[in-house]
Amino acid sequence: FALGLRYYFGLEIVPVREGVFLAEYMFFSCGILALYIIGLADDLVGVGYKPKFFVQTISALMLVMAGLWIQDFGGLLFVDSANRILSSIVTIVIVIFAVNAFNLIDGVDGLCSGTGVIVLSIIGCWFIYLSEYVYAMIAFSMVGVVVTFFLYNVLGKRLKIFMGDTGSLTLGYTVVFLSLKFLSLDTSTYPDSINLISPLALVGGLLFVPLFDTLRVFVGRIVKGKSPFSPDKTHIHHKLLALGFSHLKSTAILLLSTLFFFVLNIVLSQLFEININIVILIDVLLGAFINLMLNKTIAKSK
């Protein structure tokens, strides 16, 4: 953290390693450690949402201090770029929301870890393609850890383990860190590489299932006059379980949905060059339609 601050304020530093990665990795390490500690405390003794929200805000600020705020919105909501303060605030809000989304989808075996494996593998392959091997190393290191967890979480009988807030918060934070780095790369500066027309649309497709489900649940709770953090059984995985699907089948359906939205967004934004606002609107309408169909099916089965 001290070395990171010296980079941040432009002070002289002994050259341990050249390049911006050192500052990014130091701030990332501090942020993930803070989330690990608060997650561990919550798993062991229970922690209210206010202390957790405070620590999540500090961790999100760490990524902004590392220079990973969203600088190009790609025309989303008809905004291309904003000043640094506004962009930083928006980035902090998105980081907090995304980390909580990963925490909240950890309701069935393998869903949170499986989503993490998919997102990190795709982003990691992109980093390898651009020869950004350090970031690829972080992505696939986490993939190796999470795949091992996935096997014992989903397939474990006598030896079965669970993620808890400690795992979901740190996994979500790693995904967000690498996603922000993915968005910050200007592919036009890389020789002989594919130029991504709308990187934000691709990341949006990868993270659509947890983000949309969390947003939908939060809005539903607020409309009913409840706290957005109050527990209930309205998440999409709860609805699949209510229809009689097992944990494994529910997880498989939602992981395939993640891949579907990712491919859909690639086709719409990269091949047909459709405006990102229309792409996101199509995602939301599809998500709302699927949720409506699930609600009707559940109602008929009662």
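The coordinates are above.
Everything numeric in this text was worked out from a predicted model, so none of it was measured. Along each chain, numbering runs from 1 in the same order as the chain's sequence is written. Only residues with pLDDT of 70 or above have their local features reported here, since the model is predicted, and side-chain atom pairs are shown and tallied only from 80 upward, although totals for entire chains, interfaces and linings are computed over all residues. Hydrogens are left out, water is left out, and the side-chain values use all remaining heavy atoms of the structure.

Undergrad: If you had to explain the overall build of the chain to someone new, which residues and values would you point to?
TA: Helix and strand assignments follow DSSP, with helices taken as H or I runs no shorter than four residues and strands as E runs no shorter than two, numbered in order from the N terminus. Helices and strands together make up the secondary structure of the chain, namely 12 helices and 0 strands. The linear arrangement of helices and strands in the chain, starting from the amino end, is α-α-α-α-α-α-α-α-α-α-α-α. Note that the radius of gyration is over C-alpha atoms, with the globule rule given as 2.2 Å times the number of residues to the power 0.38. For 302 residues, the compact-globule formula gives about 19 Å, and the C-alpha radius of gyration of the chain, at 19 Å, lands near that figure. Overall, the C-alpha framework of the chain stretches about 65 × 50 × 40 Å when taken along its three principal axes. For each residue, the accessible area found with a 1.4 Å probe, counting protein chains only, is set against the maximum for its type, and the residue is called buried under 20%, exposed over 50%, and partly exposed in between. Looking at the 302 residues of the chain, the share that counts as buried comes to 48%. The criterion used for residue contact is that any of the two residues' heavy atoms lie within 4.5 Å. Once local pairs closer than 6 in sequence are excluded, the contacts in the chain between residues at least 24 apart make up 68%. For the area figures, the Shrake-Rupley method with a 1.4 Å probe applies, and any residue is considered shielded solely by the protein chains shown. As displayed, the chain has an accessible area near 15,400 Å², and 71% of this comes from carbon and sulfur atoms. Asp and Glu are treated as the negative residues and Lys and Arg as the positive ones, with His and the ends of the chain left uncounted. Here the site of a charge means NZ on Lys, CZ on Arg, CG on Asp, or CD on Glu. Looking at charge distribution, the chain has the averaged site of its 19 positive side-chain charges lying 17 Å from that of its 17 negative ones.

Undergrad: For the packing of helix α6 (residues 133-154) against helix α7 (residues 164-184), give the residues involved together with the corresponding values.
TA: Two elements in contact, α6 and α7, have axes whose closest approach is 11 Å; the angle formed by their N-to-C orientations is 155°. Looking at the two axes, α6 sits roughly antiparallel to α7. Once α6 is placed against α7, the crossing between them reads as left-handed. Contacts from Tyr135, Ile138, Ala139, Met142 and Val146 in α6 reach Thr170, Leu171, Thr174, Phe177, Leu178 and Lys181 in α7. The residue classification treats Ala, Val, Leu, Ile, Met, Phe, Trp, Tyr, Cys and Pro as nonpolar and Asp, Glu, Lys and Arg as charged. All others, Gly included, are polar. For the contact of α6 with α7, the class distribution of residues is 8 nonpolar, 2 polar and 1 charged. In this analysis, axes come from line fits to C-alpha atoms, helices being fitted only over the stretch in contact, and the angle between any two N-to-C directions falls in the range 0 to 180 degrees. Throughout, the term roughly parallel applies to angles under 35 degrees, roughly antiparallel to angles over 145, roughly perpendicular to angles from 65 to 115, and oblique to all others. Take the far helix as your reference; a near helix turned counterclockwise from it by less than a right angle gives a left-handed crossing, and one turned clockwise gives a right-handed crossing.

Undergrad: Give a detailed account of the nonpolar core, specifying residues and quantitative values.
TA: Residues enter a nonpolar core if they are buried and are Ala, Val, Leu, Ile, Met, Phe, Trp, Tyr or Cys, with the set joined through side-chain atoms within 4.5 Å. Among the nonpolar cores identified, the biggest contains 77 residues, and Val95, Phe127, Leu171, Tyr173, Phe177, Leu178 and Phe182 are the most heavily contacted of them. In this structure Phe182 touches Ile123, Trp126, Phe127, Leu196, Pro199, Leu202 and Val203, once residues within four positions along its chain are discounted.

Undergrad: Can you break down unusual backbone geometry residue by residue, with the values?
TA: The phi torsion at Leu77 lies on the positive side, around 55°, for a residue other than glycine. Here Leu77 lies in the loop between α3 (49-65) and α4 (84-104). On the basis of relative accessible area, Leu77 is assigned to the exposed category, the value being 66%. Look at Phe78: it is not a glycine, yet its phi comes out positive at around 65°.

Undergrad: Residues and numbers for the packing of α3 against α4, please.
TA: In the contact formed by α3 and α4, the axes pass within 9 Å of each other and the chain directions differ by 130°. Taken together, the axes of α3 and α4 lie oblique to each other. The hand of the α3/α4 crossing is right-handed. From α3, Lys52, Phe53, Gln56, Thr57, Ala60, Leu61, Leu63 and Val64 reach across to α4, where they touch Arg84, Ser88, Thr91, Ile92, Val95, Ile96, Asn100 and Asn103.

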